[in-house]
Every structure is written in C-alpha cells, then in structure tokens.
Amino acid sequence: QVQLVESGGGLVQPGGSLGLSCAASGSIFSINARGWYRKAQGKQRELVAGITSLGSTNYADSVKGRFTISRDNAKNTVYLQLDSLKPEDTAVYLCNARLKITIRSDYSDYWGQGTQVTVSS
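Note that the coordinates shown come from a computational prediction; the quantities given were computed from them, not determined experimentally.

Chemist: Is there a simple way to explain the overall build of the protein chain in this structure?
Modeler: Per the secondary structure count, the protein chain includes zero helices and 11 strands. Sequence-ordered secondary structure for the protein chain, helices as α and strands as β, is β-β-β-β-β-β-β-β-β-β-β. What you see for the protein chain is a C-alpha radius of gyration of 14 Å, in line with the 14 Å of a compact globule of 121 residues. Considering only C-alpha atoms, the protein chain reaches an extent of 50 × 25 × 25 Å along its principal axes. The buried share among the 121 residues of the protein chain stands at 38%. For the protein chain, restricting intrachain contacts to residue pairs at least 6 apart in sequence, the fraction spanning at least 24 positions comes to 55%. As displayed, the protein chain has an accessible area near 6600 Å², and 47% of this comes from carbon and sulfur atoms.

Chemist: Help me understand unusual backbone geometry in this model?
Modeler: Leaving glycine aside, a negative phi is the common case for residues, and trans is the common case for peptide bonds. The phi torsion at N76 lies on the positive side, around 50°, for a residue other than glycine. Within the secondary structure, N76 sits in the loop between β7 (67-72) and β8 (77-82). Note on N76: relative accessible area 26%, which makes it partly exposed. Phi angles above zero are rare outside glycine, and S84 is one such case at about 50°.

What counts and how
All residue numbers here refer to positions counted from 1 along the written sequence of the relevant chain. In keeping with the model being predicted, local features are shown solely for residues with a pLDDT of at least 70 and side-chain atom pairs are shown and tallied solely at 80 or more, while totals for entire chains, interfaces and linings include all residues. Excluded from the side-chain calculation are hydrogens and water; included are all heavy atoms of the structure. Only DSSP runs of H or I reaching four residues or more are called helices, and only runs of E reaching two or more are called strands; each is numbered from the N terminus. C-alpha atoms define the radius of gyration, and 2.2 Å times the number of residues to the power 0.38 defines the globule rule. Think of it in three bands: residues with accessible area under 20% of the maximum for their type are buried, residues over 50% are exposed, and the middle band is partly exposed, with areas taken using a 1.4 Å probe on protein chains only. Here, residues are in contact when the closest pair of their heavy atoms is within 4.5 Å. Note on areas: these come from Shrake-Rupley sampling with a 1.4 Å probe, and a residue is covered only by the protein chains present in the view.

Right under this line is the structure:
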C-alpha cells in the first residue's frame, strides 16, 4: 500500500512564505513525475507545479517566480516552497505521484490527503 503524506500548511500573512513537503512511502518500485495541485473553495483543482524524475519543472502562470518545486528521490519526497504569498493562493494543496508498485505494473497516480494553506492578514 502506498501513502503520500503532506505537511507544512498553515496560516500566513500576505507576502509571507511557507514550505510544504510530501513523503511517499509503502510498496513503491519507482516514481516518475511528482506534482502539487491546489483546490480553492468554489474552484476546480489546478496544477500548481510539476517535476519530472530528471528534475525538469513546470509551473502555473499564476505562481511562476514565487513558488519552487523540488524533489529528493532518495527520500521519495517532493517539496514546494511558497514565497510572496497572496490571498488568492489560499487553497488545499495536494501532492501527486505517478508511480509503479512493481516492475510489471503500469504507472498510476496517487494522491495525498491535502494540507490547507490560508493567506490572510
């Protein structure tokens, strides 16, 4: 069984910073892409940032220059550094991993439970 556990959310003032992490554990053969998504109240879930197994990254236009995604493959962990936060960044942030659990299985998407980020004065 695979688990993705996020940590690091909370309440921060506009202009502040937060760091999120997401550790994958369990029966994992290999992990391909990792990503962070967010779901704001009344809005659809959106991709915030993604990173491939080789370290190539992509970002939503709304967070470019403010958020940084990184990963530690040895720890099966992906990070998201959120800087210059704005009230519109308020959302539940969910991490994703595209992984296979055995050498013969296909890659499948796994999700964390989400962590709340609230940006407010």
